[in-house]
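Each chain, written out:
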Amino acid sequence: METKQYPQPPDWQRDFPYRQEEARLVTRREFSRMLCLISAAMVTGSGYVAIRSFWKGKSEPAGRFPVCGVSELPAGGTRSFLLPGSNTPYILIHLENGQFKAYEQKCTHLSCAVFYKAGTGKIECPCHNGWFDANTGEVVQGPPPRPLPALEVVVESGQVYVNGPA
Amino acid sequence: MSNFRRAQDQAHPNKVSTLTLAIIVVQILLITLQIWLLYSGLNNTLEHNQDVAIPALIASFFLFLACCGLLYFLPGRKR
Ligand code: FES
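Q: An account of the sheet that holds strand 3 (residues 89-94) of chain A is needed here, citing residue identities and associated values.
A: All names here are of chain A. Read across the open sheet, the six strands follow the order 1-10-9-4-3-2; overall the sheet is antiparallel. Of all the strands in the sheet, the pair left with one neighbour each is strand 1 (64-69) and strand 2 (78-82). Going from strand to strand, the sheet's axes swing by 30° on average, the running direction of each strand aside. Sheet analysis places strand 4 (residues 100-104) next to strand 9 (residues 150-156), joined by two bridges and oriented antiparallel. If you follow Tyr-103 over to strand 9, its bridge partner there is Ala-150.

Q: Before we move on, can you summarise helix 2 (residues 13-46) of chain B with the specific residues and values?
A: In this model, helix 2 of chain B (34 residues) spans 49 Å end to end at C-alpha, consistent with the 50 Å of a helix rising 1.5 Å per residue. Once helix 2 of chain B finishes, His-48 of chain B follows within two positions and takes phi at roughly 60°, a positive value.

Q: I'd love a proper account of the pattern of salt bridges, names of residues and values included.
A: All names here are of chain A. Following the criterion strictly, the structure yields two salt bridges over all chains and no others. Arg-64 is paired through a salt bridge with Glu-156; the nearest N and O atoms lie 3.1 Å apart. Taken together, the residues span a long stretch of sequence, with Arg-64 in strand 1 and Glu-156 in strand 9 at a distance of 92 residues. Here Arg-79 ties to Glu-72 by a salt bridge, and the two come within 3.5 Å at their closest N and O atoms.

Q: So what's going on with helix 3 (residues 53-69) of chain B? Which residues, and what values?
A: Here helix 3 of chain B is 17 residues long and its end C-alpha atoms lie 24 Å apart, about the 24 Å a rise of 1.5 Å per residue gives. Of all the residues in helix 3 of chain B, the buried ones are Ala-53, Ala-56, Ser-60, Leu-63, Phe-64 and Cys-67 of chain B. On an axial view of helix 3 of chain B, the arc spanned by its buried residues comes to 105°, and they lie on one face. Residues of helix 3 of chain B that are buried in the fold lie against helix 3 (28-54) of chain A together with helix 2 of chain B.

Q: Could you give me a rundown of the interface of chain A and chain B, with the residues and numbers involved?
A: Taken together, the contacts link 26 residues of chain A with 36 residues of chain B. For the pairing of chain A and chain B, the buried interface totals around 2900 Å² over both sides, and the portion due to carbon and sulfur atoms is 66%. Run the count over chain A and chain B and you get zero salt bridges. Counting across the chain A and chain B interface gives five residue pairs in polar contact (both at pLDDT 80 or more). In terms of residue count, the dominant contributor to the side of chain A that touches chain B is helix 3 of chain A (19 residues). Split by residue class, the side of chain A that touches chain B holds 13 nonpolar, seven polar and six charged.

What counts and how
- Residues numbered from 1 in each chain as written.
- Chains lettered and ligands numbered in written order.
- Predicted model: local features only at pLDDT ≥ 70, side-chain atom pairs only at ≥ 80, totals over all residues.
- Heavy atoms only, no water.
- Pairing = 2+ DSSP bridges.
- Helix = DSSP H or I, 4+ residues; strand = E, 2+ residues; numbered from the N terminus.
- Axes fitted to C-alpha atoms, helices over the stretch in contact; angles between N-to-C directions.
- Expected span 1.5 Å × (residues − 1).
- Salt bridge = Lys/Arg side-chain N within 4 Å of Asp/Glu carboxyl O.
- Buried < 20%, exposed > 50% of the residue type's maximum accessible area, 1.4 Å probe, protein only.
- Arc of directions from axis to C-beta.
- Contact = heavy atoms within 4.5 Å.
- Buried area = accessible area lost by both parts, 1.4 Å probe.
- Polar contact = N/O pair within 3.5 Å; in protein donor to acceptor, adjacent residues only side chain to side chain.
- Nonpolar A, V, L, I, M, F, W, Y, C, P; charged D, E, K, R; others polar.

Structure follows, in structure tokens:
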């Protein structure tokens, strides 16, 4: 059986040279310059974050919004709702201790929808097993880096209201 | 006049290789720091904590300058 003769080493061998002198032909200079570009991109990203932290693009809904009647939501129950003029999903939770809590229904990790796990007092994010305290919104366990943003809840004459985030 | 640049360009290939590698490793370290700064700046901003974003931007900028400054020490092309 005849083995095939290459006129020069095959491509993969030239891409991964065995001897160091040959490795020198791979231009690490360009790689180094590319790292500087990445570094510049990081500065741009930080700049964007800095600008956004002081300049709020669109305003968030302000004021008081009715969600549902107290009797419509049994203890341990939840209800999703939207505020007019915003696409952020919220979740209203009737805790077993009788309190009402409202949080953004968006995990602070990668924005999956979160759910209240009845009876445990915890909010679960099924995507990467993240857990939040249903009382405070604080992270209990898992990858989420920030607590869930909460809305203020007001219960008045048998009706549950939330105050807009603005 | 002899300077760092000249002396380095006359260095042995092995030494050139080590230097290049060292510079790239340091650059990667600097970029790692920048990623961390970007991440903490972003998280603090989303938490309505505005004090972090600006210092993070400034620090990130100086790391970028350092990253570019390192290019000066990069050994020359193969002659
Ligand atoms: S998106 Fe919720 S834990 Fe990752």
